[in-house]
Amino acid sequence: MKTIKTHRMFDGEVRYIRHDSTACSVPMEFTVFLPKEALAGENLPVLYFLSGLTCTAENFTVKAAAQRHAAEEKLIIVAPDTSPRGENVADDERYCVGKGASFYVNATEAPFAANYQMFDYVTEELPALIDREFPVIEGARGVTGHSMGGHGALIAALKKPGFYRSLSAFAPIASPSRVPWGQAALPLYLGEDEEAHRGYDATFLMAEAKERLPILVDQGTADNFLKEQLRPELLEEAAKTAGHPLEIRMREGYDHSYFFVQTFIEDHIRHHAKALHN
């Protein structure tokens, strides 16, 4: 593990870190915000933020304005990259497939299977690294994300009951197996078996979920991806059918950008802090 650079923020510190990933078989990068209490050695909860299509860890770190609220609530925040990177990593000319567009799945199809083991990376390898290298409270972790990362947060919690104590999402891709972005990417990562696609689709996972972790979702009504790509009504319908606690807040006039995320990030930080410090 190598620290690339650090920045002082709100008496804490943001670190950009690179490490060799066993899951993805290439070096991976993430950022971590450590409040002053963590720098002093106090164990704190961890909130993982998963970013969306075309993003790296830097999008959240510099645009979401989350650190002030994390410092106030004494939360460590970890933001991983959205995919493996490197010259020999498989890619695609479309922005919704390949680098920056992992959909947080464990790919089974060549050439993506060689490196795109992102579900294992974000739910196993990275948390194990964070638990080992930073002052964290054992088991006190939450997960959130934006767009493709909101989808990633939903499936992470639904597929690993008991691993996270809190869950939220900003404008998530609610049902990737039923929207154009996912229909472009999932067959290349997982083959043509629709059951494999549904295994990474929150709207199908809810039906058999072994845990009913409450979900907070914010969605802008002026989001240009709302009707075709995000489809929160499918998530709402699945939650109602399964009896899964879900609060979707439709935010009038807000779009898909980090201006939207920044506006409501405080609510999400406090949502997670309440659960993680309890």
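Residues numbered from 1 in each chain as written. Predicted model: local features only at pLDDT ≥ 70, side-chain atom pairs only at ≥ 80, totals over all residues. Heavy atoms only, no water.

Peer 1: Explain the sheet that holds strand β2 (residues 12-20) here, please?
Peer 2: Strand pairing in a sheet is mediated by backbone hydrogen bonds. Such pairs are either parallel or antiparallel. The nine strands lie next to each other as β1-β2-β3-β5-β4-β6-β7-β8-β9, forming an open sheet whose pairing is mixed. The open sheet has two edge strands with one neighbour each: β1 (2-9) and β9 (246-251). If you compare each strand with its neighbour and ignore which way they point, the axes differ by 20° on average. Both strand β7 (residues 166-170) and strand β8 (residues 215-220) contribute to a ladder of four bridges, which runs parallel. Among the inter-strand pairings, F170 is bridged to a residue of β8, identified as D218. (Pairing = 2+ DSSP bridges. Helix = DSSP H or I, 4+ residues; strand = E, 2+ residues; numbered from the N terminus. Axes fitted to C-alpha atoms, helices over the stretch in contact; angles between N-to-C directions.)

Peer 1: Would you mind going over the environment of V143 with me for this structure?
Peer 2: As for its placement among the helices and strands, V143 is situated in strand β6 (residues 136-145). Given the relative accessible area of 2%, V143 is considered buried. Other than its neighbours up to four places away in sequence, V143 contacts L47, Y48, L50, A153, A157, Y164, S166, L167, S168 and H272. (Buried < 20%, exposed > 50% of the residue type's maximum accessible area, 1.4 Å probe, protein only. Contact = heavy atoms within 4.5 Å.)

Peer 1: Got a minute to help me understand helix α11 (residues 258-276) in this structure?
Peer 2: Given 3.6 residues to a turn, an α-helix orients residues that are three or four positions apart in the same direction. Its maximal kink placed at F264, α11 deviates by approximately 50°. The backbone nitrogen of F259 has a side-chain oxygen 3.1 Å away, supplied by the residue at the start of α11, namely S257. (Bend = angle between axes of the 7 residues up to and from the residue. Polar contact = N/O pair within 3.5 Å; in protein donor to acceptor, adjacent residues only side chain to side chain.)

Peer 1: How should I be thinking about the packing of aromatic side chains in this particular structure?
Peer 2: Given two aromatic rings, one states the distance between the centres and the angle between the planes to describe the pair. Going through the model one piece at a time under the given rule, you end up with twelve aromatic pairs. Aromatic pair F170 and F260: ring centres 6.0 Å apart, planes at 85°, arrangement edge-to-face. On the criterion of sequence distance, the pair formed by F170 in strand β7 and F260 in helix α11 is long-range, its members being 90 residues apart. Each member of the pair, F170 as well as F260, is classed as buried. Centre to centre, the rings of Y254 and F264 are 5.0 Å apart; their planes meet at 70°, and the pair counts as edge-to-face. In this pair, Y254 sits in the loop between β9 and α11 while F264 sits in helix α11, placing the two residues ten residues apart along the sequence. Look at Y254 and you get partly exposed, because its relative accessible area is 30%. Among the aromatic side chains, those forming a connected cluster through ring pairs are F170, Y254, F260 and F264. (Phe/Tyr/Trp six-rings, centres within 6.5 Å; stacked < 30°, edge-to-face > 60°.)

Peer 1: Before we go on, may I ask you to explain the pattern of salt bridges in this structure?
Peer 2: The final tally for this structure, using the stated rule, is 18 salt bridges. R132 is paired through a salt bridge with E133; the nearest N and O atoms lie 3.6 Å apart. Overall, E133 belongs to the partly exposed group, its relative accessible area being 41%. Between R249 and D218 there is a salt bridge whose closest N-O contact spans 2.8 Å. Residue R249 is found in strand β9, and its partner D218 is found in strand β8; the two are separated by 31 residues along the sequence. D218 sits in the buried class, given a relative accessible area of 0%. Three or more residues joined by partner-sharing salt bridges are found here, namely E72, E73, E266 and R270. (Salt bridge = Lys/Arg side-chain N within 4 Å of Asp/Glu carboxyl O.)

Peer 1: When you look at helix α4 (residues 118-133) in this model, what are you seeing that I'm missing?
Peer 2: In the structure, α4 departs most strongly from a straight axis at L126, where the bend amounts to approximately 30° and where the proline P127 lies between one and four residues downstream. Residues of α4 that are buried include every one of M118, F119, Y121, V122, T123, E125, L126, P127, L129 and I130, and no others. In the core, the buried residues of α4 are packed alongside β2, β3 (27-34), β4 (44-50), β5 (76-80), β6 and α5 (148-159).

Peer 1: Got a minute to help me understand the nonpolar core in this structure?
Peer 2: Nonpolar side chains tend toward joint burial in soluble globular proteins. F103 and Y189 are the most contacted members of the largest nonpolar core, which has 94 residues in total. What Y189 contacts, discounting residues up to four positions off in sequence, is V97, G98, A101, S102, F103, V105, A107, T108, E109, F112 and Y116. (Core = buried A, V, L, I, M, F, W, Y, C linked by side-chain atoms within 4.5 Å.)

Peer 1: What is the right way to read the environment of Q219 from this model?
Peer 2: Position of Q219 relative to the elements: it lies in strand β8. Judged by relative accessible area, Q219 falls into the buried class, the value being 1%. For the pair Q219 and R251, spaced 32 residues apart in sequence, the C-alpha separation works out to 5.8 Å. Discounting chain neighbours no more than four positions away, the residues touching Q219 are A171, L226, L230, P232, R249, M250, R251 and F260. A polar contact is formed between the side chain of Q219 and the side chain of D223, at a distance of 3.2 Å.

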